[in-house]
2 protein chains.
Amino acid sequence: MQEEVTTEQRILEAAEDVFMHEGFAGARMQQIADKAGINKAMLHYYFRSKDKLFELILQYKMRQFLPQITAALRDDSLTFFDKLDRFIMAYLGMLRKNTRLPLFIISAINRNPELMASFNLKVGREIAEMMQQEIKKGHISPVHPQQFVLTLIGMCIFPFLARPIFRSVFELSNDDYDHLIAERHLHVMQYARAILKTARE
Amino acid sequence: MQEEVTTEQRILEAAEDVFMHEGFAGARMQQIADKAGINKAMLHYYFRSKDKLFELILQYKMRQFLPQITAALRDDSLTFFDKLDRFIMAYLGMLRKNTRLPLFIISAINRNPELMASFNLKVGREIAEMMQQEIKKGHISPVHPQQFVLTLIGMCIFPFLARPIFRSVFELSNDDYDHLIAERHLHVMQYARAILKTARE
DNA sequence: GTCTATACGGTGATAGAC
DNA sequence: GTCTATCACCGTATAGAC
């Protein structure tokens, strides 16, 4: 039960910050060392290389947000649409607290797709499987599950990727765009319903 | 009327290739020089610095695809929904020929938002304005234009950003995923219609 | 564990001969 | 225009004293 924050922890926090802002190629070990208040030698003492450190941060960030998101889908007392709403709320809420996460993860995986091997992102498959059941029951229209999941996740994530572009296109201030994002869940929920309930109910 | 390709052109093509694959921070001037069949000194002779060269490539790529896309919206003989369909077809068709473009541009603008200043991406605003007119006329339901445009563009772009992630999640081969993308326009058109025609017609 | 010092290669960029 | 040689600097990584 130590009172002070360990050096290892300070390094991890600094590395998270730098990697999230600069990406892997743009990040500098010197910058991480400075932010952690130590010298570069210590980085290599605690974490052998830049690659290892980056992989740790990536795994940490991926596993950090997954539980909150998937929890929404596991409550079997809820209807499919209620689960969907909870999922959208949880997802967008998490993203609003981690606005740089999407570009960080997408860049990392595109740079080195093998990194996906260590993750088991079943949340997408879970939604797709739920949809197939709901389609069988006739609760929703027969939408292509994978295409819909791609759309659903994209509706949540894309605003965080395209922020500077859309701010410029629509000439929005930072506050304006924050407001757009704060209301995003209402629109995503509505759009998802519209897609799934086409010519039904 | 020169018969041979100029050195400048060879450099630009090499730079485009390297920057598109590696991003700015990951790209190496040496790699560009090698690919162009010249040495590093020539790069600086033709284009003063890495920054200038990158900016040129970014501008070239942004301006290259815009005309094809916007053309779809300009044909006033078409109805709004037909324009939308053409836009989706043109956009997805262009992306299938430039699969790395989305991550390239999004990374570039997120790294340096000031770069947006040199572009006038009115296509988003044009769609939003068309929507407002259609809403007034009662042709579509009163959807928030900016939220919808964000969704529409995201539905087109996101599959190209999330390719390695979704391939892993759904355990798809490269061919499987290509097939998903080849059919994407049908689903996007259908989803857009569902959103815009909620409880109407 | 923490530091200083340093190795070694690669970086973008420039000078100057041809 | 094109090349070689070289610059000053920074990158990651390591060795060794304390």
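Residues numbered from 1 in each chain as written. Chains lettered and ligands numbered in written order. Predicted model: local features only at pLDDT ≥ 70, side-chain atom pairs only at ≥ 80, totals over all residues. Heavy atoms only, no water.

> What is the right way to read the packing of helix α5 (residues 80-97) of chain B against helix α11 (residues 184-196) of chain B from this model?
Geometrically, a packed helix pair is captured by the angle between its two axes and the distance between the axes. All names here are of chain B. Across the interface, α5 lies against α11 with an axial gap of 10 Å and an inter-helix angle of 145°. Between α5 and α11 the crossing geometry is right-handed. Note on element contacts: α11 touches α5 through Arg184, His185, Val188, Met189, Ala192, Arg193 and Leu196, opposite Phe80, Phe81, Leu84, Asp85, Ile88, Met89 and Leu92. For the contact of α5 with α11, the class distribution of residues is 10 nonpolar, 1 polar and 3 charged. (Axes fitted to C-alpha atoms, helices over the stretch in contact; angles between N-to-C directions. Helix = DSSP H or I, 4+ residues; strand = E, 2+ residues; numbered from the N terminus. Left-handed = near helix turned anticlockwise from the far one by under 90°. Contact = heavy atoms within 4.5 Å. Nonpolar A, V, L, I, M, F, W, Y, C, P; charged D, E, K, R; others polar.)

> Explanation requested: the relation of the copies chain A and chain B in the structure shown.
Related by rotation about an axis and a shift along that axis, the two copies of the chain form a pair. Note on the copies: chain A fits chain B at an RMSD of 0.1 Å, the axial shift is 0.0 Å, and the rotation between them is 180°. Given the turn and translation reported, the copies of this chain are related as if by a two-fold rotation axis. (Least-squares fit on C-alpha atoms with pLDDT ≥ 70 in both.)

> Honestly, the nonpolar core in this entry has me stumped. Any pointers?
One broad trend across soluble globular proteins is that nonpolar side chains are buried collectively. Counting 158 residues, the largest nonpolar core has Phe19, Phe87 and Phe148 of chain A together with Phe19, Phe87 and Phe148 of chain B as its most contacted members. Ignoring sequence-local partners within four residues, the contact set of phenylalanine 148 of chain A consists of Leu84, Met131, Val143, Ala192, Ile195 and Leu196 of chain A together with Tyr191 of chain B. (Core = buried A, V, L, I, M, F, W, Y, C linked by side-chain atoms within 4.5 Å. Buried < 20%, exposed > 50% of the residue type's maximum accessible area, 1.4 Å probe, protein only.)

> Explain the protein's contact with DNA strand C to me, please; I cannot follow it from the model alone.
Near DNA strand C lie 14 residues; those nearest to it are Tyr46 of chain A together with Arg28, Met29, His44 and Lys50 of chain B. Threonine 7 of chain A is positioned such that a nitrogen or oxygen atom in its side chain is 3.4 Å from a phosphate oxygen of DNA strand C. The side chain of tyrosine 46 of chain A places a nitrogen or oxygen atom 2.5 Å from a phosphate oxygen of DNA strand C. Going through the elements one at a time, α3 (40-46) of chain A together with α3 (40-46) of chain B are the ones with two or more residues in the surface near DNA strand C. (Near = heavy atom within 4 Å. Polar contact = N/O pair within 3.5 Å; in protein donor to acceptor, adjacent residues only side chain to side chain.)

> Explain the domain arrangement of chain A here, please?
It is common to give the size of an interface as the accessible area that goes away when the parts come together. All names here are of chain A. Domain annotation for chain A reports domain 1 (1-48) and domain 2 (58-195). For domain 1 and domain 2, the distance between their C-alpha centroids amounts to 30 Å. Taken together, the 5 residues of domain 1 in the interface contact 6 residues of domain 2. Between domain 1 and domain 2 the total buried area reaches about 590 Å² when both faces are included, carbon and sulfur atoms providing 67% of it. Between the two partners, domain 1 and domain 2, sit 1 salt bridge. Among the salt bridges present, the one from glutamate 16 reaches lysine 61, with a minimum N-O distance of 2.9 Å. (Domains from an automatic or database assignment. Buried area = accessible area lost by both parts, 1.4 Å probe. Salt bridge = Lys/Arg side-chain N within 4 Å of Asp/Glu carboxyl O.)

> Where do I start with the pattern of salt bridges in this structure?
Opposite charge on two side chains permits them to pair, given that their charged atoms come into close proximity. Residues and elements named next belong to chain B. A full pass over the atoms with the stated rule returns 14 salt bridges over all chains. Between lysine 83 and aspartate 76 there is a salt bridge; the shortest N-O distance is 3.5 Å. Under the relative-accessibility criterion, lysine 83 is labelled buried at 11%.

> Explanation requested: the interface of chain A and chain B in the structure shown.
Across the boundary between the two partners, chain A contributes 46 residues, which contact 46 residues of chain B. Interface of chain A and chain B: buried area, both sides summed, is about 4,400 Å²; carbon and sulfur atoms make up 72% of it. Broken down residue by residue, the surface that chain A buries against chain B is led by Gln147, Leu150 and Phe158 of chain A, which jointly contribute 15%. Where chain A meets chain B, there are 0 salt bridges. Joining chain A to chain B, the criterion identifies 12 residue pairs in polar contact (both at pLDDT 80 or more). Sorting the residues of the side of chain A that touches chain B by element identifies α1 (7-26), α6 (101-111), α7 (123-137), α8 (145-161), α9 (163-169), α10 (174-182) and α11 (184-196) of chain A as the ones contributing at least two each. Sort the elements by how many residues they give to the side of chain A that touches chain B and α8 of chain A lands first, with 13 residues. When the residues that make up the side of chain A that touches chain B are grouped by side-chain class, the tally is 30 nonpolar, 12 polar and 4 charged.

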